[in-house]
Amino acid sequence: MNPTEKLSLIIKELGNHWGLDGLVYQANEPTLLVFNDEFVVNLTQSHDLQYLVVYVNLGTPYHETEDMANKLLKVEKLLQLNGALKDKYFGSLAMNTSKAVIYSYQISIETLTSQVLENALDKFIDQAKQLKQDILAPKEEKPAYNLGEAAFDDAMVRV
């Protein structure tokens, strides 16, 4: 079974488990999952088809009307959080051309099962909530960042 077929089967199994019989993977466009009416999580394959890439838009860390010094402080905070992710746990943060923060990670399809994917998505959403709070928190607040609770297992690969 090739990676795309395996991923299709896993997502279908997960959909059946969740009572979403119509959940399917389409290789030509991301599969979208909405969690708590807050996060639209995208599932797609890497270019080499060996990994499932999971990503979410966390929003914009600043408004265009803010002064440059405040924007730079928020971008610095974003870089610090990204460093914490890469140094200790999983995933990465980036800004797209619309200046929205994208949180992503990838999982090897070779070791993926529907249970591993379900657990990974639970952890991913928990981490996305914390990151969104930390990134969008006012500058005078110190982020309550705790990566320890969301550590991923060995079957996952950091982006």
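Residues numbered from 1 in each chain as written. Predicted model: local features only at pLDDT ≥ 70, side-chain atom pairs only at ≥ 80, totals over all residues. Heavy atoms only, no water.

*Asks:* Could you give me a rundown of the packing of aromatic side chains, with the residues and numbers involved?
*Replies:* On inspection of all chains with the given rule, the structure shows 3 aromatic pairs. Considering the side-chain rings of Trp 18 and Phe 35, the 6.2 Å spacing of their centres and the 90 degrees angle between planes classify their relative orientation as edge-to-face. Linking Trp 18 in the loop between helix H1 (3–17) and strand S1 (31–35) with Phe 35 in strand S1, this pair joins segments that are 17 residues apart in sequence. Members of the aromatic cluster, connected to one another through ring pairs, are Tyr 103, Tyr 105 and Phe 124. (Phe/Tyr/Trp six-rings, centres within 6.5 Å; stacked < 30°, edge-to-face > 60°. Helix = DSSP H or I, 4+ residues; strand = E, 2+ residues; numbered from the N terminus.)

*Asks:* I'd love a proper account of the nonpolar core, names of residues and values included.
*Replies:* In terms of nonpolar packing, the biggest core is built from 34 residues, with Val 41, Leu 58, Leu 93, Tyr 103, Leu 117 and Leu 121 touching the most fellow members. Of all the elements in the fold, those that place two or more residues in this core are H1, S1, strand S2 (39–45), strand S3 (51–59), helix H2 (68–88), strand S5 (101–108) and helix H3 (114–136). The leading source of residues in this core is H3, at 9 residues. What Leu 121 contacts, discounting residues up to four positions off in sequence, is Leu 14, Trp 18, Leu 33, Phe 35, Val 41, Leu 43, Val 54 and Tyr 105. (Core = buried A, V, L, I, M, F, W, Y, C linked by side-chain atoms within 4.5 Å. Buried < 20%, exposed > 50% of the residue type's maximum accessible area, 1.4 Å probe, protein only. Contact = heavy atoms within 4.5 Å.)

*Asks:* Tell me about unusual backbone geometry, and name the residues and values.
*Replies:* Of note in this structure, Leu 49 is not a glycine but carries a positive phi near 70 degrees. Looking at the element boundaries, Leu 49 is found in the loop between S2 and S3. The backbone of Lys 99 shows a phi angle near 70 degrees, a positive value even though the residue is not glycine. Mapped onto the fold, Lys 99 is located in the loop between strand S4 (92–95) and S5.

*Asks:* An account of the pairing of S5 is needed here, citing residue identities and associated values.
*Replies:* When you tally the buried positions in S5, you get 8 out of 8 residues, the bulk of the element. Along S5, one buried face is formed by Val 101, Tyr 103, Tyr 105 and Ile 107 and the opposite face, lined by Ile 102, Ser 104, Gln 106 and Ser 108, is buried too. Of the pairings in the sheet, the one linking S3 to S5 comprises 8 bridges and is antiparallel in character. Along S5, the bridge assignment pairs Val 56 with Tyr 103. In this structure, S4 lies alongside S5, joined through 4 bridges in antiparallel fashion. Counted as the bridge partner of Leu 93 is Tyr 103 from S5. The antiparallel hairpin formed by S4 and S5 contains 5 residues in its connecting segment, where Lys 99 sits at a positive phi of about 70 degrees. (Pairing = 2+ DSSP bridges.)

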